[in-house]
Every structure is written in structure tokens, then in C-alpha cells.
Amino acid sequence: MKKTFIVILSLFIGLSINAQTTKGAKTVTIVCSQGFQGPELWDKHELPIDKSGYITLFDGKTFAGWRGYGKTYIPSKWIIEDGCIKLDSSKKGEGGDIIFAHEFGNFELEMEWKISKGGNSGIFYLGKEETNADGELEPIYISCPECQVLDNENHPDAKLGVDGNHKSTSLYDMIPAKPQNAKPYGEWNKVKIRVENGTVTHYQNGVQVLQYKLWTPEWVEMLQKSKFAEDKWPSAFRLLKNCGGVEKKGLIGLQDHGNDVWFRNIRIKVLD
């Protein structure tokens, strides 16, 4: 079942974006949750917003607004290096996925990513911190869509799935990114994900590579043909069928798949 407070969070943060000018620079106030289990705690962050309406979610210096999925802190394997968020697989300590702890509904998300040789990661959107009937946290990847991050040439996952739907910027295990124009490992790729009233579009390196519509019979049909099908993975099917919940909002997340990966220039434009 889903923690009741998640609904409260969505209602509250919908009113929390308040643009203002501070010392000549325009900023926006974002309210983020410090944890998904009570007591409810909130942080306010003043983040830059540019003339085109993009809010900077990562300033290259701090993890302001970010935390581990299901945690109140950033796991130690996630570090800031040369202005990037990096998953350092060689670092001892705790890993796990991380999230920007504010729920977004209609938005345009942009970032750049770079993967290590043979590496695998992902970008989540409309995510929820869901729990099962026993109160145990479900993984984020069964609650929301995943935009794949992959070294297509050296990771075996690129050859799995159907028609290349495990390759970079694909809707993981459902829709392949075409044309597949990813740059090799060690080079920067730019991704944009646009979500507007259920229509989702992925762009890779400036090219539209896929589009689909959430919460439709076609969406359910895609789920039934994937690894998340009802008869294969009932809890995943249930959550993904209604991803974003009744509010149709959710979290942005970055995946720890055990390989080094870097993210930078993370920004979002709210379209609500």
C-alpha cells in the first residue's frame, strides 16, 4: 500500500513554487521532503530559475533537495565530482537510487549523462516511494517509467529486450529509442524528457526518439507485453498502470545499477 503522507506531499508541494528575485538573480522556492516516513519534515531550497523558466535541480556543488530513495540522506557511493553527480562504484559504503524529493506533474526535464565502459543506469520520472502490504519499500523502478542509461556497445543488456528497447534513452523494456544516436561510453549524452497531460516524449542528443501516452489502453497493452506484465509481476503492473498516482505527479530519480555514471546540468521546466 502507499503511505498516506505521499498524497499530502503532492498537495502541499503543488503550492510551493514561488518565483522571486534575490540579489538580482531570479530564484524559485522548492519545498522537498526529508523522508518518506513520519514525522513529516520539509526543507525549503532557493534554486536558480533562468529566463526560459528552467529550474536548476543540481548546482554542481551541493545535494540540496536530493536524498536517497526511501532515505533521509545521500548514500555514500553518490558523490559530487567536477560539478557532476557521480555514482562511484569503487567507493565503500552504501549505495542505492537517489531522488530529487519534490513531486512534478507536467514538466520538461533536461540533463547530461556519461557512463563508464560496460555501464548501466537509468533516469526515473513520476516516481513514488511505495510500500507493499507489509510496509516494505518497493523499488522505484516498478512505480514509474525509466529512461535507460547504457553503454550500448559493451553492456549485454543492449542485446536483450525487444527491438533495442533496452538501449539508451529507450522507455526501458517497452519502447526503443529510434534513431539510436547515443555517444560511446565516456562521452556526454544529452537527454530531455517531456511529460504533458500524459503525453511523454524522449529526446536524445537533440533528436526525438520516442513518444507515448500514459494512462491509456495502449499504455496498459505495452505493460502487458513487457517484463512488468500482470501475470509476471503483479505489483509492478499495478503501480506502473497508475504511475504518478491520483495526482499524476512524482519524483525524479537516478539509478544505482552498480556502475560508475555521471550526471550534470540537471534542470526542469514546470509546465503546469
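Coordinates for the structure precede this section.
Everything quoted here is computed from the prediction, not taken from an experiment. Residue positions are given per chain, counted from 1 along the sequence in the order it is written. Per-residue local features are limited, in this predicted model, to residues with pLDDT of at least 70; the limit for side-chain atom pairs, both in listing and counting, is 80 or more; totals at the level of whole chains, interfaces and linings are taken over all residues. Neither water nor hydrogens contribute to the side-chain values; these are computed over all heavy atoms in the structure.

## Focus on unusual backbone geometry
Turning to step 1, where the next piece is worked out: Of the consecutive residues Lys178 and Pro179, the connecting peptide bond is found in the cis state with omega at 0 degrees.
Turning to step 2, where the next piece is worked out: Notably, Asp163 is not glycine yet its phi reads approximately 60 degrees, a positive angle.
Turning to step 3, where the next piece is worked out: We count a stretch as a helix when DSSP gives it H or I for four or more residues in a row; a strand needs E for two or more, and each element gets its number in order from the N terminus. Relative to the assigned elements, Asp163 resides in the loop between β11 (146-150) and β12 (189-196).

## Re the sheet that holds β11
Sheet strands pair by backbone hydrogen bonding; their relative direction is either parallel or antiparallel.
Turning to step 1, where the next piece is worked out: Ordered in space as β5-β8-β15-β10-β11, the five strands form an open sheet in which the pairing is antiparallel. Where the open sheet ends on each side, the last strands, each with one partner, are β5 (66-68) and β11. Averaged over all neighbouring strand pairs, the angle between strand axes comes to 25 degrees, with direction disregarded.
Turning to step 2, where the next piece is worked out: Pairing between strand β10 (residues 120-127) and strand β15 (residues 250-254): three bridges, direction antiparallel. Across the sheet, Phe124 pairs through a bridge with Gly253, a residue of β15. Strands qualify as paired when DSSP identifies two bridges or more between them. For helices, the fitted line uses only the C-alpha atoms of the stretch in contact; every axis is such a line through C-alpha atoms, and the angle between N-to-C directions lies from 0 to 180 degrees.

## Digging into the nonpolar core
Buried together is how nonpolar side chains tend to be arranged in soluble globular proteins.
Turning to step 1, where the next piece is worked out: Buried residues of nine kinds, namely Ala, Val, Leu, Ile, Met, Phe, Trp, Tyr and Cys, make up a nonpolar core once their side-chain atoms join them within 4.5 Å. A 1.4 Å probe rolled over the protein chains alone gives each residue an accessible area, and that area as a share of the maximum for its type sets the label: buried under 20%, exposed over 50%, partly exposed in between. Core analysis: the biggest nonpolar cluster contains 60 residues, and Ile123, Tyr125 and Phe263 have the highest contact counts within it.
Turning to step 2, where the next piece is worked out: Once residues lying within four places of it in the same chain are set aside, the contact partners of Tyr125 are Phe107, Cys144, Pro145, Cys147, Leu171, Ile193, Val195, Val200, His202, Tyr212, Leu251 and Ile252. Whether two residues touch is decided by their heavy atoms; if any such pair falls within 4.5 Å, the residues are in contact.

## Points about the pairing of strand β13 (residues 199-204)
Turning to step 1, where the next piece is worked out: Most of β13 sits inside the fold, with five of its six residues counted as buried.
Turning to step 2, where the next piece is worked out: Here β12 runs beside β13; their pairing, made up of six bridges, is antiparallel. When the sheet's bridge partners are listed, Ile193 is paired in β13 with His202.
Turning to step 3, where the next piece is worked out: In this structure, the hairpin formed by β12 and β13 is closed by a connection of two residues, where Asn197 is found at a positive phi of approximately 50 degrees.
Turning to step 4, where the next piece is worked out: The antiparallel pairing of β13 with strand β14 (residues 207-213) creates a hairpin that spans two residues between the two strands, and Asn205 there sits at a positive phi of about 50 degrees.

## Let's talk about the environment of Cys144
Turning to step 1, where the next piece is worked out: If you trace the backbone, Cys144 turns up in the loop between β10 and β11.
Turning to step 2, where the next piece is worked out: Distance from Cys144 to Leu240, taken between C-alpha atoms, is 5.6 Å for residues 96 residues apart in sequence.
Turning to step 3, where the next piece is worked out: When sequence neighbours within four positions are dropped, the list of residues in contact with Cys144 reads Phe124, Tyr125, Leu126, Gly127, Leu240 and Cys243.

## Focus: helix α3 (residues 234-241)
Turning to step 1, where the next piece is worked out: Among all positions in α3, only Ala236, Phe237, Leu239 and Leu240 are buried.
Turning to step 2, where the next piece is worked out: Buried residues belonging to α3 abut α2 (217-224).

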